[in-house]
Amino acid sequence: MKTFLNSILLMTLLFPSILLSQSTVSGTVTEASSTLPVPGVNIIIKGTSTGTTTDFDGKYSLNVKSGDILVFSYIGYVTQEIQYTNQKTLDVAFAEDASQLDEVVVIGYGTVKESDATGSVTSVTEKDFNKGPVVSSDQLIQGRVSGVQVTNGGGSPGEGATIRIRSGSSLSANNDPLYIIDGVPVENGGAGITGGRSPLTTVNQNDIATITVLKDASATAIYGVRASNGVVIITTKKGKKGDLKVTYNGSYSIATLVDKVEVLTGDQIRDYVTNNPESSAGQIALLGAENTDWQDAIYQDAFGTDHNVAASGGTDNFVYRASIGYSNYDGILKRDNFERTTMAANLIFDFFDDHLKLEINSKTTLSQNDFSNRGAVGNAIGMDPTQPIYDPTSPYGGYFQWLDPNTLDANGNPRIYSLVGASNPLALIEQTNNFGRSFRSIGNFKFDYKMHFLPELTATANIGYDFIDGRNYGFNDRDFAGNAVDNEGNINTGNYSGKENKENRLLDLYLNYNKTLESINTNIDVTAGYSYQDFKYPFESIRLVGDRTEVIQSENRLNLQGFFGRANFTIADKYLLTATFRADGTSRFSEDNRWGYFPSAAFSWKMHEEGFLKNSSVVSEFKPRISWGITGQQDVGGLYPALALYLPGTDSAAYQFGYNADGTPNFVVPVRPQPFNANLQWEETETYNIGLDFGFFDNRITGSIDAYRRETTKLLNFVPNPQGVGFSNADNYNIGSLENKGLEFSADVYPVRNDIVRWRVGGNVTLQKSDITKLTLVDDPNYQGVLFGGIAGAVGNTIQNNQTGFAPGSFLVYEQVYDTNGRPLEGVYVDRNGDGIINSDDLYRYKKPAPDVFYGFNTDITYKNWDFSAFFRGSWGNYNYNNVDSNRGFADTVLGLNIALFNGVPNLLETGFARPQYFSDYYIQEASFLKMDNATLGYTFSKVFGENSTMKVSGTVQNVFTITDYKGIDPETTGIDNNLYPRPRTYLIGFNVNF
C-alpha cells in the first residue's frame, strides 16, 4: 500500500513536466518543383496512430514531443521522415516520386492509366512543353515525341507547320494528323483560315494541359475516318476544388535576324559586270554607286508580348476555370504583325451524388493580322545592290524602281518589271497592304450519366462545334509602281476582299460499361457509340473591277458518320487486351463506296507484375506490347471528287446562238463538266506495331521502344489521265501502295533525384524508311511516275517525283559531271542510259527530303528555387534542293536584260555557269542538322504577394544555334529551299505568378 501511494505521489509531481515536454509544431507542405501547397498530406508520428493532414493551403499543426519522428506521405510524392527537435515550424518540400506516378492519358472516347495503355501512345504534359515565344500548339511538342516530325514553315509569328507522324501514309491525300481539341475533332491539319494564320494558334498555349499523340493503329482506329496519319489530342486545363486561385503568365521578347542569304555586294556586282565579256556598254552604264544591303532594308528587330490570366476554383459539386489572353508579336520582316485575343472557360457540374456530370468547354480566339508582302524576301536577294533604296525623282512613292521603257501604260508611263528581283523590296512592303481578321470558337457540352440502377454503365453525349469566320482584304498605294492602268488611264490598286465561314458540328453518343469481376480477377471496359460530324463551308469573294464590284458566293458541305466500339480486358492486372472496330461513311464518295470498315487489336503484358520480377530492385516496369489495325483516308480532291458536277463558264467562253429581237447577237454562257471519278473509295493503311515500355532502378530510367510497319493500299493518287479520258489532264484514282517502316526509342534518366536536386536527361530517336511499292494498275517499265515540287526560275518546272521503288518525293535530276578541280561543268551530265544523247531519259532519282533519322534530347535541373532546361533536336539523311543557288547562281541572273541589272549569289562565281542548270544534282545538298532550340533559366520566389503566392521569373533564348553543312540559310525545310522567311533568334523574359 505504501509503495502504491509513493507511486501516485511521484506521478503527480512529474505530471507538470510531462505536460511541459509536449509541444505543438506547425508548418506548410509544398511541391518542390512549383512551391505550390499540397493539401491532404498524411502526417503521422512514427510508431503511433497519432497524426493529422494538411488543409487546402498545405498547412498543418500537430502535438509532438522532442525526438518524435514525423512521417509525411502523399500519393505520387517521395515519403519523408523528419525528426522533431523542438523546431517552432517545420516546412516540407515534396518531390515527385516517379515510381508512384501513373498518369491518366486521354484516348479515343475515354481515358486510360498510362500503365494500362496497349497502343503506342505518348502524352506530353505542361511541365515538359517547349519554352519560348510559343503561340501555336505544335511548337509545344516539336522534337519531344519519337515518330513525330514538326517542320515550321518559317519565322513569321503564328507560322503554320508541316506535321508528320510516322512519315505520313499518303501521296496525294492529306498527310496531316487528326486534331481533337477537348473532344471536338477539327479538320485534318486544322485547315487554313482566311485572314488568319496557323489554325493551331487558336488555342492559347497557356490553357493547354496535355498533348497526347496516338501513333499506332490500335490507338487510332477508334477514329478510323481520318486517323491514318495519327491523332493529336489537345486537352485544356480544368479547375480544382477549393478557394479562388489566380495565375498570371506573361512574357516580353525581342527577335533578331540570325543569318541572311549570302549575296554579292555592290562592289562585287560592279566588278562582275564591268569585267564580264558578256556585259554590254548599256548594262555597264546601268551600274549605280551604292552598296545597298536590301536584306537589311526589309528586316528588323521584332518585339513581342504575351499575357494570360486564369482564375480557377470550386466546390464539391462545381469547379471552374476561366482565362483571357492577349498576344502581340511583330515579325522580323517589316510590317509583319500577329495580334491575338483568346478567351477560354471550363465548367464542370456534378449532380445526384456524382451520377450526372456536365462539362462545358469554350475557347474563343480573335486575331488581327498585317501580312507583310513576302515577295520582298526573294526580291531582296535579287535586287541590284548598286542602286539606292530611294529615288527623289521617282513618281512611285520616291522608291527606286527598274522600269520597262518598252511597255507603257495608258498614260504613257513605263511599267514596272514583274520579274522576281526587279521590284524594290522595301516598296513591296510599304506600298502593298494585306490585312486579315479571323474569329474562331471551339466548344462542347458533354453529359456523363452513371446509371443509378447500374453504376457500372455510363451514357455520354458530346455536342461540339467549331465555328470560324475569316476575312482578308488589301490594296496597293496609288503610287505603287505595280498598279495596273486601264485603257482610259484609270489606276486599279488591286483592291480585294475575301470572306470565309466554316461551321463544324459534332454529335457523339456512346455507352461505357466498366466492371471488375472479382471471381475471375478481370476488369471489363466496353465502349460503343455513334459519331456524326457535319462541315459547312460558305465562301464570299469581293473584288473591285474598275467601277464594278464582283461578289462570288458559294457553299460546300462534308458529312462524316461513324459507328464505333472498343473492348478492354485487364486480367489479374497483368494481361491487357484491346479490340476496336469502326464503320465510317463519308459524303466524298459515291453511295456504293461510301462506307469503310476499320478494325484493330492489341495485347500487352505487365511482366513486372509477375512473381519473378515483382520484387526486383532493378526492374520497375517491363511491359511488352503488340498491335495491329487498319485505318482509313478520304481527304482528297476537294469535297466532291466522286460526283459529276458542272460549273458555268466565263463570259469570254460564251457561244452565239442566233440573234435577239433587236438584231443584236444572242450569247449563251455554257456550263462545263468538272473532273470526277465515281469509283473512288477509301484509302486503307494497315499497321503492325511491336513495343516495349520499361523502367529500371525505381524508375530512375524509363522509356519505350517501338517498331512498326505500315502498308497503305488503294492509294488516293492524283495522276495524269490517258488521252481522251475524263474532263481534265489528271484526276484522282485509287492506284498504288506505299510502305513505311520505323524504329522509335525514347527514354528519361534521373542521374540525381532528391529533395534538393532533381536532374533529368531525356531524349528520343526515330529511324524511318518509306518506299512506294506500286503506282500503276499494271506494270509499265516506261512509266516515269508523278512529277511535283514546283521550283522558282521557270514556269512549270518541277524537281520531285513519285515512282515505284523509291522514297516519296525523291528528286528527279541529271547527274552532274565535274572537272579535275571539282568544278561542275556547265550542261555536261552523265549519259546514264548510254544512248549518246542527254535528254529526259537520263534523269534519275537522287536523294529525298525526308530524314533517315531525326531526334531530340533535353535536360532540366531543379536546385532549390532554381531551374534550368535546355532542348536540342536534329535530323540526319535529309536533303534539300537549293533553289536559291539554282535560281541566282548563273550569269544570266545578273545580265539577263539590257535595261536592268539583278543580283546573284556567290555560287555563280564558284560554278561560272552562264545559263541556268535547274536540274543538276549539284543543287541537291545534304541538310542534316543539330539545333539548340531553347535554353531557359528560372527562379521561383515564395510568399511574394501573400502566404501562398509564388512568382517565377525566367529567361529564355530560342533558336540558340544550328550546326550543319548545308549551304543555304536554314537546313530545315520540306525539301525545296526557296526564299524561306528566316527563323529569328529570340530572347524572352517570362513571369509566372500564382496567388
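## Some thoughts on the overall build of the chain
Helices and strands together make up the secondary structure of the chain, namely twelve helices and 57 strands. Relative to the 2.2 N^0.38 estimate, which gives 30 Å for 995 residues, the radius of gyration of the chain is 33 Å and therefore close to what a compact globule would have. Counting only C-alpha atoms, the chain reaches 135 × 70 × 65 Å along its principal axes. Looking at the 995 residues of the chain, the share that counts as buried comes to 51%. Residue pairs in contact within the chain that sit at least 24 positions apart in sequence constitute 68% of those at least 6 positions apart. A total accessible area of about 44,100 Å² is found for the chain, and carbon and sulfur atoms account for 57% of it.

## Digging into the pattern of salt bridges
Here the structure, examined in full by the defined rule, presents 50 salt bridges. A salt bridge links R625 to D693; the nearest nitrogen and oxygen atoms lie 3.1 Å apart. Residue R625 is found in strand 33 (residues 619-633), and its partner D693 is found in strand 38 (residues 683-696); the two are separated by 68 residues along the sequence. Residue D693 is classed as buried on the basis of its relative accessible area of 15%.

## So, the side chain of D706
Relative to the helices and strands, D706 is located in strand 39 (residues 701-713). The class for D706 is buried, based on a relative accessible area of 3%. In this structure the side chain of D706 is engaged in a polar contact, spanning 3.1 Å, whose partner is the side chain of R625. Side chain to side chain, D706 and N689 meet in a polar contact 2.8 Å long.

## Brief notes about the sheet that holds strand 13 (residues 178-181)
Pairing between the strands of a sheet is mediated by backbone hydrogen bonds and can be parallel or antiparallel. With respect to topology, five strands assemble into an open sheet ordered 10-15-16-13-14, the strand pairing being mixed. Single-partner strands in this sheet number two, and they are strand 10 (121-125) and strand 14 (184-185). Bridge count for strand 15 (residues 208-214) against strand 16 (residues 231-236) is six bridges, and the pairing is antiparallel. Of the residues in strand 16, the one forming a bridge with I211 is I234.

## Side note on the pairing of strand 9 (residues 110-113)
Two faces make up the sheet, and in a regular strand the side chains alternate between them. Of the pairings in the sheet, the one linking strand 8 (residues 104-107) to strand 9 comprises four bridges and is antiparallel in character. Within the sheet, the bridge partner assigned to I107 lies in strand 9 and is G110. The loop that links strand 8 with its antiparallel partner strand 9 comprises two residues; one of these, Y109, has a positive phi angle of about 55°.

## Quick word on a nonpolar patch on the surface
Together, V749, I756, W759, V761, I861, Y863, W866, F868 and L937 line one region of the surface with nonpolar side chains, adding up to about 750 Å² of accessible area. Within the residue set of the nonpolar patch, elements represented by two or more residues are strand 43 (757-774), strand 50 (853-863) and strand 51 (866-876). Looking at where F868 falls in the secondary structure, it is placed in strand 51.

## Some words on the packing of aromatic side chains
Taken as a whole and judged by the stated rule, the model has 34 aromatic pairs. The interplanar angle of 15° and the centroid separation of 6.4 Å between the aromatic rings of F581 and Y597 together place this pair among those described as stacked. Residue F581 is located in strand 31 (residues 575-586), and its partner Y597 is located in strand 32 (residues 595-605); the two are separated by 16 residues in the primary sequence. Here the aromatic rings of F913 and Y922 are separated by 6.4 Å at their centres, their planes lie at 70°, and the arrangement is edge-to-face. A single burial state applies to F913 and to Y922, both of which are buried.

## Concerning empty space enclosed by the protein
As enumerated under the stated definition, the model contains ten cavities of 30 Å³ or more in all. Put simply, the largest cavity is a space of about 540 Å³. In terms of lining residues, the largest cavity is bounded by 33 residues, among which P133, Q139, Q958, P984 and T986 are the most central. When residues of the lining of the largest cavity are traced back to their parent elements, those giving at least two are strand 17 (242-256), strand 18 (302-314), strand 19 (318-330), strand 54 (929-942) and strand 55 (950-964). Split by residue class, the lining of the largest cavity holds ten nonpolar, 15 polar and eight charged. Empty space within the second largest cavity amounts to approximately 90 Å³. Around the second largest cavity, the lining is made up of 14 residues, and of these V225, R226, S531, Q533 and R582 lie nearest the centre. Counting residues per element, the ones that place at least two in the lining of the second largest cavity are strand 29 (522-545), strand 30 (548-571) and strand 31. Of all the elements, strand 30 adds the most residues to the lining of the second largest cavity, at three residues.

## Considerations on the confidence of the model for the chain
Considering every residue of the chain, the mean pLDDT works out to 88; 92% of them sit at 70 or more. This model gives residues 1-20 a pLDDT under 50, and the stretch forms zero contacts once residues within four places in sequence are excluded.

## Comments concerning the sheet that holds strand 56 (residues 976-977)
One open sheet accounts for three strands, arranged 53-52-56; its pairing is mixed. Pairing within the sheet leaves two strands with one partner each, and these edge strands are strand 53 (924-926) and strand 56. As paired strands, strand 52 (residues 879-882) and strand 53 are joined by three bridges and run antiparallel to one another. Residue N880 lies in a different strand from strand 53, and its bridge partner there is Q925.

## Considerations on the environment of E815
Relative to the helices and strands, E815 resides in the loop between strand 46 (810-813) and strand 47 (816-818). A sequence separation of 27 residues divides E815 from D842, and the C-alpha atoms of the two residues are 8.2 Å apart. Of note is the side chain of E815, whose polar atom sits 2.5 Å from the side chain of R832.

## Quick look at the pairing of strand 13
The alternating pattern of strand 13 places L178 and I180 and Y179 and I181 on opposite faces, both of which are buried. Pairing geometry for strand 13 and strand 16, over four bridges, is parallel. Residue Y179 lies in a different strand from strand 16, and its bridge partner there is V232. Pairing of strand 13 with strand 14 involves two bridges; the strand directions are antiparallel. Bridging across to strand 14, I181 finds its partner in V184. Counting the residues between successive antiparallel strands, the hairpin from strand 13 to strand 14 contains two residues, one of them, D182, with a positive phi of roughly 50°.

## Focus: helix 7 (residues 375-382)
The buried count for helix 7 comes to seven of eight residues, which makes it a mostly enclosed element. Regarding helix 7, the residues found buried are A376, V377, G378, N379, A380, I381 and G382. Elements in contact with the buried residues of helix 7: helix 6 (294-298), helix 8 (425-431) and helix 10 (883-888).

Conventions adopted
- Residues numbered from 1 in each chain as written.
- Predicted model: local features only at pLDDT ≥ 70, side-chain atom pairs only at ≥ 80, totals over all residues.
- Heavy atoms only, no water.
- Helix = DSSP H or I, 4+ residues; strand = E, 2+ residues; numbered from the N terminus.
- Rg over C-alpha atoms; globule rule 2.2 N^0.38 Å.
- Buried < 20%, exposed > 50% of the residue type's maximum accessible area, 1.4 Å probe, protein only.
- Contact = heavy atoms within 4.5 Å.
- Areas by Shrake-Rupley, 256 points an atom, 1.4 Å probe, with all protein chains shown as cover.
- Salt bridge = Lys/Arg side-chain N within 4 Å of Asp/Glu carboxyl O.
- Polar contact = N/O pair within 3.5 Å; in protein donor to acceptor, adjacent residues only side chain to side chain.
- Pairing = 2+ DSSP bridges.
- Patch = residues over 30% accessible without salt bridge, like charges linked within 9 Å, V, L, I, M, F, W, Y side chains within 5 Å.
- Phe/Tyr/Trp six-rings, centres within 6.5 Å; stacked < 30°, edge-to-face > 60°.
- 1 Å grid on protein atoms, 1.4 Å probe; cavity = no way out; pocket = protein on both sides within 12 Å on 5 of 7 lines; lining within 4 Å.
- Points joined across faces, edges and corners; volume = space filled by probe spheres on them.
- Nonpolar A, V, L, I, M, F, W, Y, C, P; charged D, E, K, R; others polar.
- pLDDT = per-residue confidence, 0-100.

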